[in-house]
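Report on the structure
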Amino acid sequence: MQYRSTRGDAQPRSFSDILLAGLAEDGGLYMPETWPQFTPQEWREMRKLSYPDLAARILSVFAEGSIDLPTLQTLCARAYAGFSHAAIAPLVEVENGLFSMELFHGPTLAFKDMAMQLLGQLFEHVLTERNQRVTIVGATSGDTGSAAIEAFRGSPHLSVAILHPMGRTSDVQRRQMTTVKDDNILNIAVEGTFDDCQDLVKAMFADTQFRNEINLSAVNSINWARIAAQIPYYVRAALMMGAPDREVSFAVPTGNFGNVLAAWAASKMGLPVRRLCIGSNRNDILTRFLTSNDMSMRAVEPSYSPSMDIQISSNFERLLFELLDRDAEACRNTMLAFRQTGRMTVDPAVWQRAKDRFGALMLDDEATLAEMQTLWERSLYLADPHSAIGLAAGRQEQEPGIPMIVAATAHPAKFPDAVRRATGIDPALPPHLADLFTREERYETQPNELNIIEDSVRRHLAGHTHKA
Ligand SMILES: Cc1ncc(COP(=O)(O)O)c(C=O)c1O
Ligand SMILES: N[C@@H](CCOP(=O)(O)O)C(=O)O
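Residues numbered from 1 in each chain as written. Chains lettered and ligands numbered in written order. Predicted model: local features only at pLDDT ≥ 70, side-chain atom pairs only at ≥ 80, totals over all residues. Heavy atoms only, no water.

Side note on unusual backbone geometry
We apply this condition: Only DSSP runs of H or I with at least four residues qualify as helices, and only runs of E with at least two residues qualify as strands; both kinds are numbered from the N terminus onward.
With an omega of 10°, the peptide bond running from A243 to P244 counts as cis. Examined against the element boundaries, P244 turns out to sit in the loop between helix 10 (224-240) and strand 9 (248-253). Even without a glycine there, the phi angle at F257 is positive, about 70°. Within the element layout of this structure, F257 appears in the loop between strand 9 and helix 11 (258-268).

This is the structure we're talking about:
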């Protein structure tokens, strides 16, 4: 399988190449040249596979020509060995026909582990094979950072620098990142928002000298491998509900648009998905786009669901590329104009195509707490604020006879303040994190300035390489 950029300039590249490259050189995002297809019979045969084997089967079509199926099976078995639930991503029926797909049973208690644990294995495999070293720089609004740190800590092949927006994550999220002491990890609190952190990462990719100097790589969902590794749980859930002989719908709390894009990708591969519904908090740029063709940037507002405090949803570019019939030039021009003007409206026919596929719902903080309270009182289901937004969005789009599967993206214990406020319950951290608040933190605070952040990364690499 070969990959091309949404902005058209980059050369076609293999899966292993784009895994390490992260972002295309023209600033676009890599997409598979064609959508792999499974027949109904092939989907049915996947029903009997364990989660790791199913993940390997799905990944094998994207990694074709780079990594073979037996190797992927070994890597997937290792990736999911540390999950605390035997089903890896269990389904819980919260209300009649409304299912919570719990994606938070990995080591850092958020859906990011589902892909990041596998990326950890994929990077080790490809870097060992190529005898190469890279530096991963990632942006996080709270969960990607800790998942990446957990997946890559102690690796002899790479260093990881994570930029988080100062004071805008939960305390649990920050401590999960900043209490990890491995030499190859650097945490930087940036005086800005998540969007600033993400822009800094993209600016580092655009700085060719710096990019080459440190062998820059990415593990945010701008990296296609992240999306590919998020597809299997949608497939698994749909198969459990009777697909391909029955349609299902998905609802996903959304920020950077990566998770719901994986569900959409599964439908492009032939999985019978009826509706996709996104939930957002008051940072509702995507909801506004889907309800009124208005993608206009506003200031990022803090909310009870901080991981979705995002205005610039990177993966929307991948959907736009498809909506524009893969016209890379039109995609590039639209994205550049969006960044210049802070506004995007698309041709009404293009917008209609998005609306035909996606529904959307916005919940502000008050409505989020009310939803958490209702879920607790009616169903004894303790949801974190992000998952609660997804469940409300899913309920809105439910249709008789069609299972609605909602991505539950974080463990309630990551957001104890909101959970306590909504339900009066104090959600406990699992034993491996029970002493999180007594661990010592280590991080730098830096202004939102590219040169300063690049220098921090350089200093860290010099110190780390020195020690190694
Ligand atoms: C807990 C949680 N829920 C939802 C989201 C939104 O997911 P995405 O950015 O893939 O849309 C995030 C962050 O990505 C998250 O950490
Ligand atoms: N919510 C995310 C933001 C980054 O998303 P990603 O999927 O692109 O890595 C976070 O928690 O960091």
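Structure shown, so let's carry the discussion forward.
Focus: the site of ligand 1
We apply this condition: In this text, near means that some heavy atom of the residue lies within 4 Å of the molecule or strand in question. The term polar contact refers here to a pair of N or O atoms within 3.5 Å; inside protein, the definition further demands a hydrogen-donor-capable atom paired with an acceptor-capable atom, and it admits residues adjacent in sequence only when both atoms are side-chain atoms. Reported accessibility uses the Shrake-Rupley method at a 1.4 Å probe radius. Residues are deemed covered only where the shown protein chains occlude them. Lining residues are those with an atom within 4 Å of a point, where the points come from a 1 Å grid over the protein atoms alone and group into cavities, where a 1.4 Å probe fits but cannot get out, or pockets, open sets with protein on both sides within 12 Å along at least five of seven lines. What decides whether a molecule sits in a cavity or pocket is whether more than half of its atoms lie within 2 Å of the grid points.
Around ligand 1, the surrounding shell holds 15 residues, and the nearest of these are K112, D143, G255, N256 and T409. A distance of 2.4 Å is found between an oxygen atom of ligand 1 and a side-chain nitrogen or oxygen belonging to K112. Considered on its own, ligand 1 offers 380 Å² of accessible surface; in the complex 98% of this is hidden by protein. Of all the cavities here, the one that holds ligand 1 is the largest cavity.

Notes on the UniProt feature "domain: Threonine synthase N-terminal" (unreviewed entry) in the protein chain
To be explicit about the condition: UniProt positions are given in the numbering used here, feature names are shortened, and annotations may be inferred rather than shown by experiment.
UniProt feature "domain: Threonine synthase N-terminal" (unreviewed entry): in the numbering of this structure it lies at residues 2-80. With 47% helix and 8% strand, residues 2-80 has end C-alpha atoms that lie 27 Å from one another.

Things to note about the pattern of salt bridges
Formally: For this analysis, a salt bridge means a side-chain nitrogen from Lys or Arg found within 4 Å of a carboxyl oxygen belonging to Asp or Glu. Exposure is judged per residue with a 1.4 Å probe applied to protein chains only, and the accessible area is read against the type maximum: over 50% gives exposed, under 20% gives buried, and values in between give partly exposed.
Going through the model one piece at a time under the given rule, you end up with 32 salt bridges. In this structure, D365 and R282 form a salt bridge, with 2.9 Å as the shortest nitrogen-oxygen distance. With D365 in helix 16 (residues 365-379) and R282 in the loop between strand 10 (273-280) and helix 12 (285-292), the pair connects residues that are 83 residues apart, well separated along the chain. Across the pair R353 and D325 runs a salt bridge whose closest N-O atoms are separated by 3.2 Å. Separated by 28 residues along the polypeptide, R353 in helix 15 (residues 348-357) and D325 in the loop between helix 13 (316-323) and helix 14 (328-341) bring together distant segments of the chain. Under the relative-accessibility criterion, R353 is labelled partly exposed at 38%. Put simply, E95, E371, R378 and R395 are held in one network by salt bridges that share partners.

As for the nonpolar core
The condition that has to hold: To qualify as a nonpolar core, a set must consist of buried Ala, Val, Leu, Ile, Met, Phe, Trp, Tyr and Cys residues joined through side-chain atoms within 4.5 Å. The criterion used for residue contact is that any of the two residues' heavy atoms lie within 4.5 Å.
One finds F123 and W224 to be the most contacted residues of the largest nonpolar core, which totals 114 residues. The dominant element in this core, judged by the number of residues it contributes, is helix 10, at 12 residues. Not counting residues up to four positions away in its chain, the partners in contact with W224 are Y3, I18, Y30, M31, P32, W35, F62, L261, A265 and R318.

Re the environment of Q230
Along the chain, the position of Q230 falls in helix 10. We classify Q230 as buried; its relative accessible area is 0%. On a C-alpha basis, the gap between Q230 and S5 in space is 20 Å, while along the polypeptide they are 225 residues apart. If we ignore the near neighbours within four places in the chain, the residues touching Q230 are F111, A115, G258, N259 and A262.

Here we look at empty space enclosed by the protein
Put simply, the test is: Grid points are joined across faces, edges and corners, and a volume is the space filled by probe spheres set on the points. Three categories are distinguished: nonpolar for Ala, Val, Leu, Ile, Met, Phe, Trp, Tyr, Cys and Pro, charged for Asp, Glu, Lys and Arg, and polar for the others, with Gly belonging to the last.
The full count for this structure, using the stated rule, is four cavities of 30 Å³ or more. Taken as a whole, the largest cavity encloses approximately 300 Å³ of empty space. Lining the largest cavity are 26 residues, and of these F111, K112, G255, N256 and S307 sit closest to its centre. Broken down by secondary-structure element, the contributors of at least two residues to the lining of the largest cavity are helix 6 (143-152), strand 9 and helix 11. Broken down by element, the lining of the largest cavity gets its largest block of residues, three residues, from helix 11. For the lining of the largest cavity, a count of residues per class yields 10 nonpolar, 13 polar and three charged. Within this model, the second largest cavity holds a volume of roughly 40 Å³. The set of elements that each furnish at least two residues to the lining of the second largest cavity consists of helix 12 and helix 14.

A few points about the site of ligand 2
Taken together, the neighbourhood of ligand 2 is formed by K112, T140, S141, G142, D143, T144, F194, N220, S221, R226, N256 and S307. Between ligand 2 and T140 there is a distance of 2.6 Å, counted from an oxygen atom to a side-chain nitrogen or oxygen. One of the side-chain N or O atoms of N256 is found 2.7 Å from an oxygen atom in ligand 2. Contact with the protein chains covers 95% of the free accessible surface of ligand 2, which is 340 Å². Comparing atom positions with the cavity grids shows ligand 2 to sit within the largest cavity.

Brief notes about the confidence of the model for the protein chain
Should pLDDT be low for a region, the predicted coordinates there are not to be read in detail. Applied cut-off: pLDDT gives the predictor's per-residue confidence on a scale running from 0 to 100.
When pLDDT is averaged along the protein chain, the result is 97; 99% of the residues meet or exceed 70. Both scores are given for the predicted complex: the pTM is 0.97, the ipTM 0.99.

A closer look at helix 12
Along helix 12, six of the eight residues are buried, which leaves the element largely enclosed by surrounding structure. Taken as a whole, helix 12 has its buried residues at I285, L286, T287, R288, F289 and L290. Those residues of helix 12 that are buried are in contact with strand 10, strand 11 (295-296), helix 13, helix 14, helix 15 and strand 13 (358-362). Of the residues flanking the end of helix 12, it is N293, one or two places downstream, whose phi is positive at about 55°.

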